[in-house]
Amino acid sequence: MNKIRYLKQTIKVVKDYPKKGVNFKDVSSLLKDPEAFKYAIDLMAEKIKDLNYDALAGQDVPALFGITLSYKLRKPFIMMNKRGTLPGQIIEKKFNTEYCVDEIEINPELVSPGQKVIVVGYLIATSGTAKAMAELVEKAGGEVIGFLYLIEQENFEFALSKPLYSVLKYED
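## Some thoughts on the pattern of salt bridges
Going through the model one piece at a time under the given rule, you end up with 8 salt bridges. One salt bridge connects Asp 42 with Lys 38, and the closest N-O pair in it is separated by 2.6 Å. Of this pair, Asp 42 and Lys 38 both sit in helix 3 (residues 34-47), 4 residues apart, which is roughly one turn of that helix. Accessibility expressed as a relative area gives 44% for Lys 38, which makes it partly exposed. As a salt-bridge pair, Glu 152 and Lys 169 come within 2.8 Å of each other at their nearest N and O atoms. Remark: Lys 169 occurs in strand 9 (residues 164-170) and Glu 152 occurs in strand 8 (residues 143-153); sequence separation between them is 17 residues. Since its relative accessible area comes to 39%, Lys 169 is described here as partly exposed.

## What about helix 4 (residues 64-73)?
For an α-helix, 3.6 residues make a turn, and residues three or four places apart therefore share a direction. Those residues of helix 4 that fall on the buried side of the exposure criterion are Phe 65, Gly 66, Leu 69 and Ser 70. For helix 4, the buried positions fall inside an angular range of 140° around the axis, keeping them on one side. Each element contacted by the buried residues of helix 4 is listed here: helix 2 (28-31), helix 3, strand 3 (55-59), strand 4 (77-82), strand 7 (116-124) and strand 8. Downstream of helix 4 by one or two residues, Arg 74 has phi in the positive range, about 55°.

Criteria and thresholds
Residues numbered from 1 in each chain as written. Predicted model: local features only at pLDDT ≥ 70, side-chain atom pairs only at ≥ 80, totals over all residues. Heavy atoms only, no water. Salt bridge = Lys/Arg side-chain N within 4 Å of Asp/Glu carboxyl O. Helix = DSSP H or I, 4+ residues; strand = E, 2+ residues; numbered from the N terminus. Buried < 20%, exposed > 50% of the residue type's maximum accessible area, 1.4 Å probe, protein only. Arc of directions from axis to C-beta. Contact = heavy atoms within 4.5 Å.

Here it is as structure tokens:
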């Protein structure tokens with residue numbers, strides 16, 4: 001069986017959500033299928049197997065893939081959350097998404113100076129969230145060496161400063 005085709009079949013595409021013209025990729029249906037989730041994690045791990053990095057980083061719920069990869073690859077995971085949800089010293093970043101203006105934060109104590117980090121998520125479209133996470137990691141003293149996403153939304157234009165690795169590509 002073709003794993004890529006299988007994964008695409010398990011991801012529910014919701015037309016015109018959260019606004020008209022956007023085809024939302026709902027990965028909750030993929031998470032319901034243990035075999036599909038295993039394929040997704042294995043294929044994401046395969047994309048970065050030859051890279052030299054120290055940690056993975058991601059944002060709360062979308063970080064589910066990063067947290068699972070961190071377990072599989074035996075690498076630390078640096079959690080970032082929506083504004084106001086982390087205790088202690090934090091640094092924050094506002095950014096634009098395809099839907100709204102948002103804000104995320106990180107505890108800089110979680111990042112070691114010079115630590116090589118891969119930013120992980122489940123879907124990249126306009127890259128606003130990815131860029132914001134990268135800026136936070138770098139402000140905290142880390143070095144972002146790449147971005148790893150399960151889904152790349154190809155019809156959006158984005159420019160990232162480091163390589164993008166993705167498993168699935170969608171044009172709609």
